[in-house]
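Structural characterization, general
Here is how the chains run, residue by residue.
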Amino acid sequence: MSDATLFQDAAGVARRPRRWHIAVFLLPAVLVYTAVMILPLVETLRLSLFNTVDGQSTFVGLGNFKVLFGDARWAADFWNALKNNFIFFAIHMLVQNPIGVALAAMLSTPKLRFSAVYRTAIFLPTLLSFVIVGFIWKLILSPIWGVSPYLMDLVGLKSLFSPWLGKPDSALIAVSLISVWQYVGIPMMLIYAALLNIPDEVIEAAECDGVTGWSQFWKIKLPLVLPAIGIISILTFVGNFNAFDLVYTVQGALAGPDKSTDILGTLLYRTFFGFQLQLGDRSMGATIATVMFLIILAGVAFYLFVVQRRIRRYQF
Amino acid sequence: MLPRARISFSRMALVHLALVAYALVSLFPVFLTLINSVKSRNAIFRNPMQLPTAETFDLVGYATVLKQGDFASYFQNSMIVTVVAIALVLLFGAMAAFALSEYRFRGNSLMGLYLALGIMIPIRLGTVAILQGMVATGLVNTLTALILVYTAQGIPLAVFILSEFMRTVSDDLKNAGRIDGLSEYAIFFRLVLPLVRPAMATVAVFTMIPIWNDLWFPLILAPGEATKTVTLGAQMFIGQFVTNWNAVLAALSLAILPVLVLYLAFSRQLIRGITSGAVK
């Protein structure tokens with residue numbers, strides 16, 4: 001720093017007394033946030049570059065990643081979990097978000113009666129914990145109880161029933177759909193809010209031009225709520241990596257049957273915390289967390305720099 | 001005019017039909033659990049869809065839950081953790097939001113960005129090191145560990161939402177306070193905080209739901225009997241009593257009921273909060 005800037009700073013301080021209150025206001029939040037969230041995150045990233053060699057923590061560079069991606073003991077589990085995570089995400093994007101948009105579009109019908117009742121009912125599952133939701137659906141889909149076969153019999157589809165949660169082919173889809181059932185309220189609410197924000201003049205202008213009903217929805221409303229759909233997509237993407245609780249509740253930590261519902265969250269839990277005969281492995285746990293971190297970072301960056309810039313925003 | 005009215009009538013009927021159908025899909029599992037939790041074992045299996053009658057009414061499940069599980073203490077733990085964490089998130093978050101929105105200082109926007117990082121990155125990714133830190137400080141199996149984690153988890157969103165709202169508080173009001181000789185702290189606590197109360201309610205709800213429902217951190221940081229939360233307690237209880245359907249259904253109902261009551265009481269504020277504050 002040159003003398004001139006030092007002098008300027010000194011003058012600035014002299015003109016205005018040090019504003020300690022700014023630091024006081026910021027300190028508690030920054031302290032807790034840094035100590036409990038940022039530092040552990042950084043430490044986890046650091047740990048992923050270390051492993052225990054001969055009882056000593058040693059820097060191994062990208063060795064842990066090599067093991068995770070290529071070693072016979074780890075790679076199969078890891079790629080399986082990653083693949084399942086993407087299927088889980090894809091089902092949410094293809095089922096949850098379109099249903100959410102459709103419900104929001106119906107809810108925003110002008111002069112719709114009971115709309116508050118519908119909203120309240122459809123949003124309720126979102127507030128329940130994964131534990132509750134997981135067990136309820138486990139009971140409902142259980143062949144012992146017979147609620148699902150009974151209900152399917154009512155519509156003549158009884159022959160299609162099978163214990164979906166117990167079959168490796170269908171378990172992941174079943175678990176994803178349970179999660180869709182629970183969380184459809186969030187896209188519904190956000191899109192609903194975005195639809196309500198469209199000014200009446202725009203809709204009236206469309207109606208004057210004879211654009212009504214379906215074509216009005218596709219041509220006018222949907223383009224206007226695209227930013228909200230973008231936000232929902234990125235929320236879904238990040239939420240995907242938090243989806244440990246549901247799988248743990250419904251299928252246990254081993255994410256059965258035969259690891260068919262194993263996602264990165266359950267793999268992380270088993271790896272670093274240990275489960276049954278498997279001992280916890282901190283370094284490999286940190287490595288998996290780091291991979292998840294990088295995937296999330298890539299997703300968020302893609303959204304911020306590619307998707308959000310292409311979406312046209314309209315100012316009313 | 002007449003044909004158009006008829007079309008919109010039939011469209012309206014279709015919309016209602018679809019919404020009723022989906023509302024039923026949403027409510028049915030909860031309803032099924034609640035009605036079967038007060039039925040006898042035989043009735044649960046023979047007629048799951050039937051409402052409880054005088055003959056099939058049975059509270060044996062609740063009796064098991066109250067005798068075997070320590071739900072009162074789980075509930076208390078959850079309440080302490082949730083209430084203290086929300087209070088800290090609101091206080092610390094509002095203070096930081098005030099500093100960021102009210103004062104111009106070097107590094108302001110950088111600080112805002114730093115605090116916003118946590119909105120997108122799940123705190124769970126740092127669990128390995130968080131557990132390590134909690135072991136080192138002897139906080140494992142204490143409610144303090146959970147409160148700290150949830151406070152850190154809630155702060156980013158709280159700062160983000162609250163600073164948006166604090167920008168709308170009129171400068172004239174604050175300057176009038178300054179001329180009257182109020183300190184900056186008094187301006188924050190006595191003038192600004194009361195004005196952003198609606199936003200605080202929104203933040204409280206957004207913070208509360210993930211804390212109350214979380215399974216991950218209680219499982220890893222506080223699995224001890226004395227510190228179990230309701231979510232973890234219900235999970236473990238159901239895991240043990242998996243074949244006792246009365247007990248399982250009763251435990252599920254007990255876990256649902258507080259949420260249900262709170263939701264019905266506050267659903268209007270909650271929905272208004274989501275539809276107004278969240279998307280801007």
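Rules and cut-offs
For every chain, the first residue of the written sequence is number 1, and numbering continues from 1 onward in sequence order. Whichever chain is written first becomes A and whichever ligand is written first becomes 1, with later ones labelled in order. Restriction of local features to residues with pLDDT of at least 70 applies here, the model being predicted, together with a cutoff of 80 or more for giving and counting side-chain atom pairs; totals for whole chains, interfaces and linings are based on all residues. Just so you know, side-chain values use all the structure's heavy atoms and leave hydrogens and water out. Only DSSP runs of H or I reaching four residues or more are called helices, and only runs of E reaching two or more are called strands; each is numbered from the N terminus. Exposure is judged per residue with a 1.4 Å probe applied to protein chains only, and the accessible area is read against the type maximum: over 50% gives exposed, under 20% gives buried, and values in between give partly exposed. Here a polar contact is taken to be a pair of N or O atoms separated by no more than 3.5 Å, where protein atoms must pair a possible hydrogen donor with a possible acceptor and residues adjacent in sequence count only if both atoms sit in side chains. Here, residues are in contact when the closest pair of their heavy atoms is within 4.5 Å. Take the accessible area each of two parts loses on contact, using a 1.4 Å probe, and add the two losses: that sum is the buried area. Salt bridge criterion: a side-chain nitrogen from Lys or Arg within 4 Å of a carboxyl oxygen from Asp or Glu. Residues are sorted three ways: Asp, Glu, Lys and Arg are charged, Ala, Val, Leu, Ile, Met, Phe, Trp, Tyr, Cys and Pro are nonpolar, and all the rest, Gly among them, are polar. Criterion used throughout: strands pair if DSSP finds at least two bridges between them. In this document the domain limits rely on a domain assignment from an automatic tool or a database. With a 1 Å grid laid over protein atoms only, a set of points is called a cavity when a 1.4 Å probe fits there but cannot get out and a pocket when it is open yet has protein on both sides within 12 Å along at least five of seven lines; lining residues have an atom within 4 Å of a point. Grid points are joined across faces, edges and corners, and a volume is the space filled by probe spheres set on the points.

Some details on the side chain of S253(B)
All names here are of chain B. With respect to the element layout, S253 can be found in helix α13 (residues 245–278). Looking at S253, the relative accessible area reads 0%, which means it is buried. Among the polar contacts made by the side chain of S253, one reaches the side chain of S37 at a distance of 3.2 Å. Excluding its chain neighbours within four sequence positions, the residues that come into contact with S253 are T33, L34, S37 and Y62.

Quick word on the interface of chain B and chain A
The interface is formed by 86 residues belonging to chain B together with 85 residues belonging to chain A. Summing both partners gives a buried area of about 8,100 Å² for chain B against chain A, and 81% of it is carried by carbon and sulfur. For the pair chain B and chain A, the interface holds one salt bridge. Between R124(B) and D245(A) there is a salt bridge; the shortest N-O distance is 3.1 Å. Viewed at the interface, chain A and chain B are joined by 14 residue pairs in polar contact (both at pLDDT 80 or more). Counting residues per element, the side of chain B that touches chain A draws most heavily on helix α1 (residues 2–37) of chain B, at 18 residues. Of the residues assigned to the side of chain B that touches chain A, the class counts are 66 nonpolar, 14 polar and six charged.

Concerning the environment of A204(B)
Residue and element names in this part refer to chain B. With respect to the helices and strands, the residue A204 is situated in helix α10 (residues 197–213). Relative accessible area serves as the criterion here: at 18%, A204 is assigned to the buried category. In the structure, A204 is positioned 161 residues away from A43 in sequence and 41 Å away in space, judged by C-alpha atoms. Ignoring any residue separated from it by four or fewer positions in sequence, one finds A204 in contact with I86 and L90.

Details of the pairing of strand β1 (residues 50–53) of chain A
Residues and elements named next belong to chain A. In the sheet, β1 pairs with strand β2 (residues 56–59) via four bridges, with the strands oriented antiparallel. Opposite F50, over in β2, you have F59 as the bridge partner. Where β1 hands over to β2, the hairpin turn is made up of two residues, of which D54 adopts a positive phi near 50°.

A look at the domain arrangement of chain A
How big an interface is tends to be expressed through the accessible area that disappears when the partners come together. Residues and elements named next belong to chain A. The domains assigned to chain A are domain 1 (21–61) and domain 2 (68–312). Relative placement of domain 1 and domain 2: their C-alpha centres are 31 Å apart. When the two sides are added together, the surface that domain 1 and domain 2 hide from each other amounts to roughly 610 Å², 68% of it contributed by carbon and sulfur. For the domain 1 face of the interface with domain 2, the top three residues by lost area are L45, L47 and S48, together amounting to 59%. Across the contact surface, domain 1 and domain 2 share zero salt bridges. Summed over the shared surface of domain 1 and domain 2, the number is three residue pairs in polar contact (both at pLDDT 80 or more). Looking at the side of domain 1 that touches domain 2, the elements that each hand over two or more residues are α2 (20–47) and β1. Per-element accounting of the side of domain 1 that touches domain 2 gives the leading share, four residues, to α2. Its residues assigned to classes, the side of domain 1 that touches domain 2 shows four nonpolar, four polar and no charged.

What about empty space enclosed by the protein?
Enumeration according to the criterion identifies three cavities of 30 Å³ or more in this entry. Here the largest cavity is characterised by a volume of approximately 70 Å³. Considering the residues around the largest cavity, the lining is formed by S129(A), V131(A), I132(A), W212(B), N213(B), V230(B), T231(B), A234(B), L252(B), A255(B) and V259(B). Secondary-structure elements contributing two or more residues to the lining of the largest cavity are α6 (130–141) of chain A together with α10, α12 (230–240) and α13 of chain B.

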